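Residues per chain are reported as follows:
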Amino acid sequence: MPPSSARKSLRIGSWNVRTLYEAGKCKQALSEMHRNKLDILGISESHWTQFGQKRFQTGEEILFSGKDQGPHREGVALILSKTAKKTPRGWEAQGSRINMASFSTTNKRINMNIIQIYAPTNDDDEEKKDNFYNRLQAVIKDLPNKDLNIIMGDANAKVGEDNTGYEETMGKHGVGQMNENGERIKKEAVNSARTRTEKEAAQLEYSIAAKEVKKNIRKDKVKYLTELAERAEKAAQSGHTRVLYQTTKLISGQKNTTMATVKDANGNTIFDKEAQNKRWMEHFEGLLNRSPPNNPLDMLPARKDLPICCELPAREEIAKAAKQLHANKAAGPDAIPPEALKTDIDVSKDILHALFVKIWKEEQFPKDWKEGHLVKLPKKGDLGNCNNYRGITLLSIPGSETIMVGGSQLEEASKFTYLGSIIDDKGGTGTDIKTRIGKARAAFGLLNKGEKGIEDDDDDDDDDDDDDDDDVLKVRAYLHLLVS
């Protein structure tokens, strides 16, 4: 397979030149290369030291690798033609006996790797031979099997004509009698073939396993989405909107998008993160620290206070309140979610009882219970405008949810307390909130009175009952306006 920018055919040769370290030897090698129309010429026994690359005056390039120092012996090189030198992906010098270069091909997934060698002679000691072949095997092992790998050069070996038992790795065109280096070459070729066969078998096994895994993943994905769809359908039928929303969100794969920019008071876009935080601080400070209204409503005081128990909190009350906590509520600065308190009621009530008794006696709330996390929630309109957000304050769950009145938790009381944490553009703070709470107390008194009257006046005439019913409906409607 030719390099990507070369001709359809690529001519490669190898030559033991005995030396290039003499005048005229390089010119002679280039002349032979041109005469045989070679694109790549491998050189053994170049006798050049060090490693590097040089360009000849005629345009060819040589990649050489030799000894670090000492006499000019051994050495290997690759001479690339003007065309071939355009396609190398890289090369690596492996000492004075191995040199490797990698080339791109017309197939982008396959590269051509050429290893030029100069093996020790048959008379060299065994240690030198072992070092050479071990290093050669290490180089070959790192080459991908899909690539076109070519090993050429002077192996200083005779393999003979008999290829019995080596048909897959040796042809019938050898000469002479096999020597020790020839026997070693044969064994190395067989080992390389085995290694390659084992790799191919492993790759085939991996490919089959990978296909099976992908097939199972697709099946599991279909099963998973089917289960989600069934869960969403059941949630829709039973009216569980939270489960329906969460399941739909999982199926759609949509994620919450965060506002990247915000505008200042003059409408200019702010991109800096620190400046954005300052803008939000400025916005909420102005929103939550308004002065009282000029004309507060003149509301009558409540006729009767709510029946609030003023005794020390009991463990049973705390346990009951903990059981009534709603799940999936965001935690406050103390990072204690409702689920943590409901996991072990006995432990929670003992810990909270000691804390509540101390608060009751000292009449001092913990500092963390006075603080909260202010969270902005988007409304309609331009989300770069701070006025198109509403803020909610995440308070401590133990501090905000366990409001005990008469041994039970009043949801209405929680709602009225919540009025102080949501302020819209038309609402106020301070006196305004107190006024609204006073209105609520008065309304509760009327409601209790009206309902009691309905229970006690069963013998009254129908007109009185109708009037009482109307009063109760009016009070309930009024309460709805207050807490909405």
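Definitions and cut-offs
- Residues numbered from 1 in each chain as written.
- Predicted model: local features only at pLDDT ≥ 70, side-chain atom pairs only at ≥ 80, totals over all residues.
- Heavy atoms only, no water.
- Axes fitted to C-alpha atoms, helices over the stretch in contact; angles between N-to-C directions.
- Helix = DSSP H or I, 4+ residues; strand = E, 2+ residues; numbered from the N terminus.
- Parallel < 35°, antiparallel > 145°, perpendicular 65-115°, else oblique.
- Left-handed = near helix turned anticlockwise from the far one by under 90°.
- Contact = heavy atoms within 4.5 Å.
- Nonpolar A, V, L, I, M, F, W, Y, C, P; charged D, E, K, R; others polar.
- Patch = residues over 30% accessible without salt bridge, like charges linked within 9 Å, V, L, I, M, F, W, Y side chains within 5 Å.
- Areas by Shrake-Rupley, 256 points an atom, 1.4 Å probe, with all protein chains shown as cover.
- Salt bridge = Lys/Arg side-chain N within 4 Å of Asp/Glu carboxyl O.
- Lys, Arg positive; Asp, Glu negative; His and termini not counted.
- Charge placed at Lys NZ, Arg CZ, Asp CG, Glu CD.
- Buried < 20%, exposed > 50% of the residue type's maximum accessible area, 1.4 Å probe, protein only.
- Pairing = 2+ DSSP bridges.
- Core = buried A, V, L, I, M, F, W, Y, C linked by side-chain atoms within 4.5 Å.
- Phe/Tyr/Trp six-rings, centres within 6.5 Å; stacked < 30°, edge-to-face > 60°.
- Lys NZ or Arg CZ within 6 Å of the ring centre and 35° of its normal.

The name recorded for the protein in an unreviewed UniProt entry is Endonuclease/exonuclease/phosphatase domain-containing protein, from Elysia crispata.

A. Spatial organisation of the packing of helix H6 (residues 315-323) against helix H8 (residues 345-362). Running from N to C, H6 and H8 point in directions that differ by 120°, and their axes come no closer than 9 Å. The pairing of H6 with H8 is recorded here as oblique in orientation. Where H6 crosses over H8, the two elements pack in a sense that is right-handed. Facing H6, whose interface residues are Arg 315, Ile 318, Ala 319, Ala 322 and Lys 323, H8 presents Ile 345, Lys 349, Asp 350, Leu 352, His 353 and Phe 356. Here the contact of H6 with H8 is built from residues that sort into 6 nonpolar, 1 polar and 4 charged.

B. Fine view of a positive patch on the surface. A cluster of like positive charges, contributed by Lys 214, Lys 215, Arg 218 and Lys 219, occupies part of the molecular surface. Mapping Lys 215 onto the fold places it in helix H3 (residues 180-238).

C. Up close: the side chain of Ser 81. Checked against the element boundaries, Ser 81 lands in the loop between strand E5 (76-80) and strand E6 (88-93). Apart from residues no more than four positions distant in its own chain, Ser 81 is found in contact with Met 33, Leu 38, Asp 39 and Glu 60.

D. The arrangement of the pairing of E5 in detail. Most of E5 is tucked away, with 5 of its 5 residues classed as buried. Taken together, the 5 bridges between strand E4 (residues 61-65) and E5 define a ladder with antiparallel strand orientation. Residue Ser 65 lies in a different strand from E5, and its bridge partner there is Val 76.

E. Spatial organisation of the sheet that holds E5. The sheet built from 5 strands is open, its strands ordered E1-E2-E5-E4-E3 with mixed pairing. Of all the strands in the sheet, the pair left with one neighbour each is strand E1 (12-16) and strand E3 (51-55). Between one strand and the next, the sheet's axes are offset by a mean angle of 15°, whatever the strand orientation. Each of E1, strand E2 (40-44) and E5 touches helix H1 (residues 25-35); the most contacted strand, E5, lies at about 50° to it.

F. Up close: the sheet that holds strand E7 (residues 98-104). Reading across from one edge, E6-E7-E8-E9 is the order of the 4 strands in this open sheet, with mixed pairing throughout. Sheet topology places E6 and strand E9 (148-154) at the edges, where each strand pairs with a single neighbour. Geometrically, the sheet is characterised by an average inter-axis angle of 15° between neighbouring strands, direction not taken into account. Relative to strand E8 (residues 111-118), E7 runs antiparallel, the two being bridged by 7 bridges. By the bridge assignment for E8, Asn 99 is matched with Gln 116. Packed on one face of the sheet, helix H2 (residues 126-141) meets E7, E8 and E9 and runs near 175° to E8.

G. Region of the structure containing the nonpolar core. Ranked by internal contacts, the top residues of the largest apolar core, which has 15 residues, are Leu 20, Leu 41, Ile 43, Trp 48, Phe 56, Ile 62 and Ile 79. Looking at this core, the elements with two or more residues in it are H1, E2, E4 and E5. The biggest single contributor to this core is H1, with 4 residues. Leaving out residues up to four positions away in the same chain, Ile 79 has contacts with Ala 29, Leu 30, Met 33, Asp 39, Ile 40, Leu 41, Ile 43, Phe 56, Glu 60, Glu 61 and Ile 62.

H. Representation of the packing of aromatic side chains within the structure. For the structure shown, the criterion picks out 5 aromatic pairs. With a centroid separation of 6.0 Å and an interplanar angle of 25°, the aromatic rings of Trp 280 and Phe 284 are classed as stacked. One end of the pair is Trp 280 and the other is Phe 284, both in helix H5 (residues 273-288) and 4 residues apart, which spans about a single turn. A centroid spacing of 5.0 Å and a plane angle of 85° characterise the contact between Trp 280 and Tyr 389, whose relative ring orientation is edge-to-face. Here Tyr 389 lies in strand E13 (residues 389-394) and Trp 280 lies in helix H5, a separation of 109 residues in the sequence. Across the pair, exposure class does not vary: Trp 280 and Tyr 389 are buried alike. Here the aromatic residues Trp 280, Phe 284 and Tyr 389 are joined through ring pairs into a cluster of three or more. Here the basic side chain of Lys 54 rests over the ring of Trp 48, its NZ or CZ set 5.3 Å away from the ring centre.

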